[in-house]
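The chain contents come next:
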Amino acid sequence: MASDSASQSSPDTAPPSKHIRLTSHPGQQGTGGAPAIRWGAATASERGPVVGTTTNRSQRNVIGTHSGSYGVYRALAVAAGNLVKGHRADLTNTAPTDAIGPHPQWSDAERIVSIDPWGASVAEVFGELIAGGIDIRPTIAVTKAHIHLPEIKQALAFQRLQVDGKVLLDDSSAVVTKIAIEPVWWLPGVARRFKVSEADLRRALFEETGGMYPELVTRSDIEVFLPPIGGQTLYVFGDVRDLADPQVTLTARVHDECNGSDVFGSDICTCRPYLTHAIEECIRGAQETGAGGARGVGLIAYSRKEGRALGEVTKFLVYNARKRQVGGDSADKYFLRTECVAGVQDMRFQELMPDVLHWLGIRKNSGIEVGERIKIPDELVPADARVEIDAKIAAGYFTDGAVPTATDLAGTKGRGLE
């Protein structure tokens, strides 16, 4: 007698249901057979894996899914029939090129609240669980690359940098370790960083995403959220292991995305000049030898927070408002125009920024010490970006020169729309 294959199918192999479920987690209490997450535990096995799979609901122990905003593209691929629903990643040969950690900060629940410290090594530390059928995916990837920038060629031509065959090669490319990081938010810790209650944070996240994740307000027992936002890319110049050595000189820049300037060279802001100048300084720092002959190390931490996390559409609307206002584009009204359009000057909120530095093991004593700040050279500021840089310096951005007065700001003008 033939068996009823449909009734005996596992959750992994059962045909997709046409019923719509208003929760991505089965049951009303607990998370069924999903592994527990104990944020801040000393080891990977004690902490438990982050499981955001859509393949088997009973395994899930987080709100949201992997890949951040790219999860929407995955849905499109499934809907279009280009991706088999439930595809499991083959992690063969995907291991990090450089071992990072574990560092003491990994087991401090208050130091790291927005990334998974074990996210690069899941195939190693959770190998048995993966072999047992649990769909655990990396949230961090570490690889090697060479980067080519015209500004570095120029620095070589003007002999500000020298080829050393290790950090900077004969073809003017720089050798880097490249690290991609997806956000993984431990909601109790994120709430404490922003000095708000976890309930208020959950409610705001639920409401401002149009109710996309009902578990934010219905499942307080699930504490980890994979937000649908962009992550970070790190570029390390020199030995990654040296980042955790307080005796090694570190040159670093934390940079927030600006596609128009970073990629296309738009001259209304100083973002690309800041970035390329920082890369030059990172290369120089990685080449220089300190006490005992040890080389330094350089770090660029690049975050997807376009337009001060307001988005590129809002940014361009602000550009138009600045150029068309009475009196023209002036530094004294630089932030005002942003606030008129967006309701706030800046939404990057750097409370979560230190997490990646703690993940890398960067420290001086118990915190992170900044030994020296380097301003962008005046000759690198594009003409139309004078409005931006003067306004930012007046608002408290770093400079080793004079701070513009209110009169100075009113006199700093950008060009009109062309």
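Anything mentioned here points back to the structure above.
Here the structure is a predicted model, which means the values were calculated and not measured. (Residues numbered from 1 in each chain as written. Predicted model: local features only at pLDDT ≥ 70, side-chain atom pairs only at ≥ 80, totals over all residues. Heavy atoms only, no water.)

Caption draft 1: Broad picture of the sheet that holds strand β6 (residues 232-237). Strands sit in the order β2-β3-β6-β8-β7 across an open sheet of 5 strands; the sheet is mixed. Each end of this open sheet is capped by a strand with a single partner; those strands are β2 (140-147) and β7 (250-256). With strand direction ignored, the average angle separating the axes of adjacent strands in the sheet is 20°. Two elements, strand β3 (residues 174-181) and β6, share 5 bridges in a ladder whose sense is antiparallel. For A180, the partnering residue across the bridge sits in β6 and is T233. In this fold helix α11 (residues 271-287) packs onto β3, β6, β7 and β8 (297-303), with an angle of close to 155° to the strand it touches most, β8. (Pairing = 2+ DSSP bridges. Helix = DSSP H or I, 4+ residues; strand = E, 2+ residues; numbered from the N terminus. Axes fitted to C-alpha atoms, helices over the stretch in contact; angles between N-to-C directions. Contact = heavy atoms within 4.5 Å.)

Caption draft 2: Here's a closer look at the nonpolar core. Within the largest apolar cluster, 29 residues are counted, with the highest numbers of intra-cluster contacts made by I179, L234, W359 and L360. When contributions to this core are tallied by element, the ones reaching two or more residues are β2, β3, β6, β8 and α15 (354-359). Leaving out residues up to four positions away in the same chain, W359 has contacts with I100, H103, W106, I112, I115, P117, I140, I179, I181 and L234. Residues V62, V113, L201 and L205 belong to the second largest nonpolar core, which totals 21 residues. (Core = buried A, V, L, I, M, F, W, Y, C linked by side-chain atoms within 4.5 Å. Buried < 20%, exposed > 50% of the residue type's maximum accessible area, 1.4 Å probe, protein only.)

Caption draft 3: Quick look at the packing of aromatic side chains. Taken as a whole and assessed by the stated rule, the structure comprises 9 aromatic pairs. With 6.3 Å between their ring centres and 75° between their planes, W185 and F225 make a pair best called edge-to-face. Taken together, the residues span a long stretch of sequence, with W185 in strand β4 (residues 185-186) and F225 in strand β5 (residues 224-226) at a distance of 40 residues. Aromatic ring contacts, followed pair by pair, group W106, W118 and W359 into a single cluster. (Phe/Tyr/Trp six-rings, centres within 6.5 Å; stacked < 30°, edge-to-face > 60°.)

Caption draft 4: Structural detail: the sheet that holds β5. One open sheet holds the 3 strands; their spatial order is β1-β5-β4, and the pairing between them is mixed. Strands with a single pairing partner mark the edges of an open sheet, and in this sheet they are β1 (63-64) and β4. The sheet contact formed by β1 and β5 spans 2 bridges and is parallel. Within β5, the position partnered with G64 by the bridge is L226.

Caption draft 5: Spatial organisation of α11. With 17 residues, α11 should cover 24 Å at 1.5 Å per step; its first-to-last C-alpha distance of 24 Å lies within 8% of that length. Burial of α11 is extensive: 17 of the 17 residues sit out of reach of the surface. (Expected span 1.5 Å × (residues − 1).)

Caption draft 6: Structural context of the side chain of S261. Looking at the element boundaries, S261 is found in helix α10 (residues 259-262). Judged by its relative accessible area of 1%, S261 is buried. When near neighbours in sequence (up to four residues on either side) are disregarded, S261 contacts S266, C269, C271, R272 and P273.

Caption draft 7: Main features of the pattern of salt bridges. Throughout the structure, instances matching the rule amount to 21 salt bridges. One salt bridge connects E198 with R202, and the closest N-O pair in it is separated by 2.9 Å. Here E198 pairs with R202, and both are found in helix α8 (residues 198-208), just 4 residues apart, close to one helical turn. Under the relative-accessibility criterion, E198 is labelled partly exposed at 23%. Taken together, the shared-partner salt bridges in this structure form one network comprising R160, E280, E281 and R284. (Salt bridge = Lys/Arg side-chain N within 4 Å of Asp/Glu carboxyl O.)

Caption draft 8: The arrangement of a nonpolar patch on the surface in detail. A contiguous nonpolar patch, built from Y70, V72, Y73 and L76 and spanning about 490 Å² of accessible area, is present on the exposed surface. Within the secondary structure, Y73 sits in helix α3 (residues 70-79). Residue classification places Y73 among the exposed positions, given a relative accessible area of 57%. (Patch = residues over 30% accessible without salt bridge, like charges linked within 9 Å, V, L, I, M, F, W, Y side chains within 5 Å. Areas by Shrake-Rupley, 256 points an atom, 1.4 Å probe, with all protein chains shown as cover.)

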